[in-house]
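Structure assessment
Take a look at the letters that make up each chain.
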Amino acid sequence: MAISTKPTTSGTKSPRKPLPGWAKGAAAAAAAVVVLLLVVLLARWLRTMPAAESFLIQYPGHSELPDGAPTGLPAWLGWQHFLNAFFMLLIIRTGWLVRTTARPKAYWTRNNKGLLKTKNPPKKISLDLWLHLTLDALWVLNGIVFMVLLFATGQWMRIVPTSWDVVPNALSAVLQYASFDWPTENGWVNYNSLQVLAYFATVFIAAPLALATGLRMSGAWPQNAEKLNRIYPVEAARAVHLPVMAYFVVFIVTHVALVFATGALRNLNHMYASRDDAGWVGFWIFAASVAVMAAGWFLARPLFLRPIASLMGKVSR
Amino acid sequence: MANILALIETTSTGGLKSSAAGLIGAAAQLGTPVAVLAATPGAGAASVAELGRLGAAKVYIAEGDGVGRVLTRPQLEALAGAVEAHGPAAVLVSNSNESRGVAGRLAVRVGGAVAAEAVGVRADGGRIIAVHSVFGGDYTTESTIEGGLPIITLRPGSIEERAEAAIPEVSTVTLVLAAGPAANIVELREAPAETGRPALRGAAKVVSGGRGLGAKDNFALVEQLADALGAAVGASRAAVDAGFVPQSHQVGQTGVAVSPQLYVALGISGAIQHRAGMQTSKTIVAINKDEDAPIFEVADFGIVGDVFTVVPQLVEAIKARQLAAV
Amino acid sequence: MKIVVLVKEVPDTYEARKLDSSGMLARTASELVPDEINERALESALRYQDAHKGTEVVVLSMGPESTVKTLRKMLSMGADSAVLVEDSSLAGADLVRTSAVLAAAVQREGFDLIVAGNESTDGRGGLVPAMVAEHLGLPLLPSLDTLEITAESVSGSCAIDGGTLVVNAALPAVVSVTERSAEARFPNFKGIMKAKKKPLAKISLADLGLSPEPGARSTVTAAVERPVRAAGTKIVDEGQAAQELADFLAANRLI
Ligand SMILES: Cc1cc2nc3c(=O)[nH]c(=O)nc-3n(C[C@H](O)[C@H](O)[C@H](O)COP(=O)(O)OP(=O)(O)OC[C@H]3O[C@@H](n4cnc5c(N)ncnc54)[C@H](O)[C@@H]3O)c2cc1C
Ligand SMILES: Nc1ncnc2c1ncn2[C@@H]1O[C@H](COP(=O)(O)O)[C@@H](O)[C@H]1O
């Protein structure tokens, strides 16, 4: 039948909702502030106890580095760090899109010729997933270079715990952070133990987990390896992949917040300008890197991705 | 009773198409069914007996050379002639690719109006009401026509009513097509004869397969289950696009809309456009390995599982029961 | 060659579509987009244009002001210009009325070939192309799965009950295409920028010399929403599912 259209419509009132989203958000934020306040008060009170004070003297918050540990952050590390941040940002975004988009705007099918020629016809995937996987590949490549340089230069000693006192030292750092009387170590030379644990977990646990679970879910995984797939079912990978992403988000947010809260200019100089002073150079390089990331975020849309994706396959609806 | 014209569709050999029964059945709901037929010279008479069996009280045959060579115009001239001869209260035309253009042109020519793609008709006092199923069955609407001849196109396979057999009164006229621009039929490529499975439109049971079947060869699984159930075979657009089956099997918004007793969806996600063609089915069964597939929202019985494991077992189970029942 | 493509704006089929109590489309209930089938119709015209420089492609629509967005999208895909027939008295126009208006507008525009979709996704009438053809006294090749345009003629194939018809007609002519016909291209960046400067004319009924009163018309007398389907049983296959389904089918006398 013919559906006629009418420019105005009446009576499309939205039903009354129990609580608008912003109100829920505000309530949650208020609760979080209260909890934080309590934590700070508790930590402050603890620090008035002599026992706690002597614990802090015994464990200042960082372990001694092994002999021969390098001092300072080389330029390659700055680059690695930037590329890693860039890829991660877009990987998280595209991963989220893959998960939540019910109706992808475009699809991509691999050209089945040349190096990557397979017997089975290639699967059609959404353009979001294509970008996610492409970025994954670049991120892994970057990660491999990072690992090689890390171990070749001895930089690994700064983020891999080498003695068990990292645990009490990390506790000590927690107490110092929570009491807003922050650890005073110099990141140019040595991270505090909480940092060491967090960086170690991110580089050596979370990243490999993200890779292993992502690989399992990807089309590259052998579908017919029955025994392997029984030991490592795709459901398990799916169950772990998202929490790993959540971990990364929490890590990034805290990391960035602390970088800014604990001597921003100096920290930025360390990572972005490989220098140990409080000038503005690192900040400006950092600002430029943020601009690049924002541009990447903005440009990662079908309109601009389609021409790139077309080079590697067929883009269709 | 008022005359109701029904435009009859014919095959290349002059036989009646399956839409005839529903058209005449619907016409009988509204008044006296008059079957209108365009035929090649001398070929019309052969259909009269069959039209009578289907319930046509009158048969209007227009014979001319153009039939089968020129698209639409012979049927249009036949129908326009019949309108003049019989002064009908309504005209019914199948909403098929070949016939609906006739309805559209007739409306323009005689100053009528069209109620398109009706799934039912009824007379309500002096008015003729067409019933429509819109947005894939989300709504049922009714429409009527004011100020002109009502021309109603009927969704193929949607009319279940059948008229009582009659001995028709026949009139035959000669069809002359005026010279002028025309769409010519160059060739009719007959589809290979059906395999004995029921046709998709109007089938009581339908088994459809989607992209989840993965490959053309695997589609045999859908056919095996269809045969075990005595069902017609359908498909999603993705399956059609992938070349698993011809387009005529597509169920959905832009394919066939079905409303069977039983609809089985195998490896079909249940996109809104697919559901638009099957959600009014009486009982819906879905097998899909994704537990969040939207098809489960409309399924009466859903199995989260692999079609390649479940369907062969199901075929066995059905066969076992059928044997036990004999 | 000048090709006019008839384009309709429809509610996005990916969302639930709503009618109000008078059977009118509730326009605010879902996003309005160019009908997918018309993007394919445009694609057919653009493919000819790609191969034959000097071909002009015009997109024409009848609809409310908002349709401008749809027409801009078509321009960004590659159409040369757009025409929108917009008139408050056209709200709720039925098929006969719509086709009379479209026919008058294409006549005013001039054309060698008119390309339409076989049926619109909101109405599924599939009648407008035939009616436009009748108004213009032209042949229509309906519901083409394949389409070939030459300088003098069009031809293509159309699926019918029992087979496929191969049909042709001399130009000028009207054709309608199905979703088999051509997959529409995506607008690219250049196209989007260019579209902003392409001509988009808005014309009213008075411009077409048509009276605001329709003649015979079809009106909706009732619209009832289908009750929501109750959720059924959902089981996870652990080897037993086929048996359980067979039991279910047997219990419902379906086998
Ligand atoms: C204007 C328009 C009109 C349209 N018209 C129609 C129409 O008429 N008909 C139509 O169908 N579509 C139509 N579509 C397309 C529709 O949006 C969907 O793209 C299409 O229905 C998807 O088909 P599918 O479910 O087979 O494929 P997919 O969405 O790819 O789903 C495949 C499903 O199979 C499952 N699966 C995979 N492997 C297995 C296995 N081994 N065992 C069990 N399950 C498995 C997957 O979990 C998935 O849910 C239209 C779209 C538009 C825009
Ligand atoms: N209001 C309109 N404006 C422009 N074209 C239209 C309009 N309505 C219908 N059409 C054309 O006619 C085709 C079939 O529409 P319909 O007859 O409504 O199914 C559509 O795909 C369009 O190409």
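The sections below set out a description of the structure shown in this document. Note that this is a predicted model, so its numbers are computed, not measured.

Right, let's get into the sheet that holds strand β1 (residues 107-110) of chain A. Residues and elements named next belong to chain A. Strand order in this open sheet of 3 strands is β2-β1-β3, and the pairing throughout is antiparallel. The open sheet has two free edges, formed respectively by β2 (124-126) and β3 (313-316), since each of these has just one partner strand. Each adjacent strand pair in this sheet contributes to an overall mean axis angle of 30 degrees, direction not counted. Of the strand pairs in this sheet, β1 and β3 are connected by 4 bridges, and their pairing is antiparallel. What sits directly across from tyrosine 107, in β3, is serine 316. Docked against the sheet, helix α4 (residues 127-153) engages β1 and β2, running at close to 85 degrees with respect to β2.

Another point: the packing of helix α1 (residues 21-47) of chain A against helix α5 (residues 166-178) of chain A. Residues and elements named next belong to chain A. Contact pair α1 / α5: the axes reach a minimum separation of 8 Å and the direction vectors enclose 115 degrees. The orientation of α1 with respect to α5, classified from their angle, is roughly perpendicular. Here α1 runs over α5; the crossing is left-handed. Between α1 and α5, the contacting residues are Val39, Val40, Ala43, Leu46 and Arg47 on the first element and Leu175, Gln176 and Ala178 on the second. Residue classes in the contact of α1 with α5 are distributed as 6 nonpolar, 1 polar and 1 charged.

This part covers the pairing of strand β3 (residues 58-63) of chain B. Residues and elements named next belong to chain B. The element β3 is largely enclosed, with a buried count of 6 among its 6 residues. Here β3 shows a buried face lined by Lys58, Tyr60 and Ala62 and a second buried face lined by Val59, Ile61 and Glu63. Sheet topology places strand β2 (residues 32-39) next to β3; 6 bridges connect them, and they run parallel. Bridge pairing in β3 links alanine 39 to glutamate 63. A crossover links β2 with its parallel partner β3, the connecting element being helix α2 (residues 45-53), and its sense is right-handed. Strand direction decides the pairing type here: β3 and strand β9 (residues 169-174), joined by 6 bridges, are parallel. Pairing of alanine 62 across the sheet is with valine 173, part of β9.

Moving on to the interface of chain B and chain C. At the junction of the two partners, chain B supplies 89 residues and chain C supplies 79 residues. The largest contributions to the chain B side of the interface with chain C come from Arg105, Phe135 and Tyr139 of chain B, which together make up 11% of the buried area. At the junction of chain B with chain C, the criterion picks out 9 salt bridges. The salt bridge involving glutamate 134 of chain C is made with arginine 109 of chain B; its shortest N-O contact spans 3.3 Å. Inspection of the region where chain B meets chain C yields 42 residue pairs in polar contact (both at pLDDT 80 or more). Taken together, the residues of the side of chain B that touches chain C sort by class into 36 nonpolar, 33 polar and 20 charged. In terms of strand pairing, strand β15 (residues 301-304) of chain B meets strand β13 (residues 233-236) of chain C through 4 bridges, oriented parallel.

Below, the discussion takes up the packing of helix α9 (residues 264-273) of chain A against helix α10 (residues 281-299) of chain A. In a pair of packed helices, the angle between the axes and the distance between the axes together describe the arrangement. All names here are of chain A. Running from amino to carboxyl end, α9 crosses α10 at an angle of 65 degrees, the nearest separation of the two axes being 7 Å. As judged from the angle between their axes, α9 and α10 are roughly perpendicular. Two packed elements cross with a definite hand, and for α9 against α10 that hand is left-handed. Here α9 contributes Leu265, Leu268, Asn269, Tyr272 and Ala273 to the contact with α10, which in turn contributes Val281, Gly282, Phe283, Ile285, Phe286 and Ser289. A class-by-class count of the residues in the contact of α9 with α10 yields 8 nonpolar, 3 polar and no charged.

Here the focus is the site of ligand 2. All names here are of chain C. Taken together, 19 residues sit near ligand 2, with Leu6, Asn38, Ser120, Gly126 and Val128 positioned nearest. Between ligand 2 and glycine 117 there is a distance of 3.0 Å, counted from an oxygen atom to a backbone nitrogen or oxygen. One nitrogen or oxygen atom from the main chain of glycine 126 is found 2.7 Å from an oxygen atom belonging to ligand 2. Isolated, ligand 2 exposes 470 Å² of accessible area, and the fraction of that covered by the protein chains is 98%. Looking at the shell around ligand 2, the elements with two or more residues in it are α1 (36-51), β4 (56-62), α3 (95-109), β6 (113-117) and α4 (128-136). Per-element accounting of the shell around ligand 2 gives the leading share, 3 residues, to β4. Looking at the shell around ligand 2, its residues break down into 10 nonpolar, 7 polar and 2 charged.

A separate point is the site of ligand 1. Residue and element names in this part refer to chain B. Near ligand 1 lie 28 residues; those nearest to it are Arg211, Ser236, Ser269, Gln273 and Asn288. One nitrogen or oxygen atom from the side chain of serine 236 is found 2.5 Å from an oxygen atom belonging to ligand 1. When the free accessible area of ligand 1 is taken as 990 Å², the share hidden by the protein chains comes to 86%. Mapped onto the shell around ligand 1, the elements with two or more residues apiece are α6 (237-241), α7 (272-275) and α8 (307-325). Grouping the amino acids of the shell around ligand 1 by side-chain chemistry returns 7 nonpolar, 15 polar and 6 charged.

A word on the pattern of salt bridges. According to the stated counting rule, one finds 32 salt bridges over all chains in the structure shown. Aspartate 276 of chain A serves as the salt-bridge partner of arginine 266 of chain A, at 3.1 Å between the closest nitrogen and oxygen. You can see arginine 266 of chain A sitting in helix α9 and its partner aspartate 276 of chain A sitting in the loop between α9 and α10, a full 10 residues away along the chain. Owing to a relative accessible area of 37%, arginine 266 of chain A belongs among the partly exposed residues under this scheme. Between glutamate 187 of chain B and arginine 189 of chain B there is a salt bridge; the shortest N-O distance is 3.3 Å. Judged by relative accessible area, which is 36%, glutamate 187 of chain B ranks as partly exposed. Taking the relative accessible area as the measure of exposure, arginine 189 of chain B reaches 43% and is therefore partly exposed. Several salt bridges share partner residues, and in doing so they unite Glu77, Arg105 and Arg109 of chain B together with Glu134 of chain C into one network.

Rules used in this analysis
- Residues numbered from 1 in each chain as written.
- Chains lettered and ligands numbered in written order.
- Predicted model: local features only at pLDDT ≥ 70, side-chain atom pairs only at ≥ 80, totals over all residues.
- Heavy atoms only, no water.
- Pairing = 2+ DSSP bridges.
- Helix = DSSP H or I, 4+ residues; strand = E, 2+ residues; numbered from the N terminus.
- Axes fitted to C-alpha atoms, helices over the stretch in contact; angles between N-to-C directions.
- Contact = heavy atoms within 4.5 Å.
- Parallel < 35°, antiparallel > 145°, perpendicular 65-115°, else oblique.
- Left-handed = near helix turned anticlockwise from the far one by under 90°.
- Nonpolar A, V, L, I, M, F, W, Y, C, P; charged D, E, K, R; others polar.
- Buried < 20%, exposed > 50% of the residue type's maximum accessible area, 1.4 Å probe, protein only.
- Right-handed = clockwise from strand over helix to strand, strands pointing away.
- Buried area = accessible area lost by both parts, 1.4 Å probe.
- Salt bridge = Lys/Arg side-chain N within 4 Å of Asp/Glu carboxyl O.
- Polar contact = N/O pair within 3.5 Å; in protein donor to acceptor, adjacent residues only side chain to side chain.
- Near = heavy atom within 4 Å.
- Areas by Shrake-Rupley, 256 points an atom, 1.4 Å probe, with all protein chains shown as cover.

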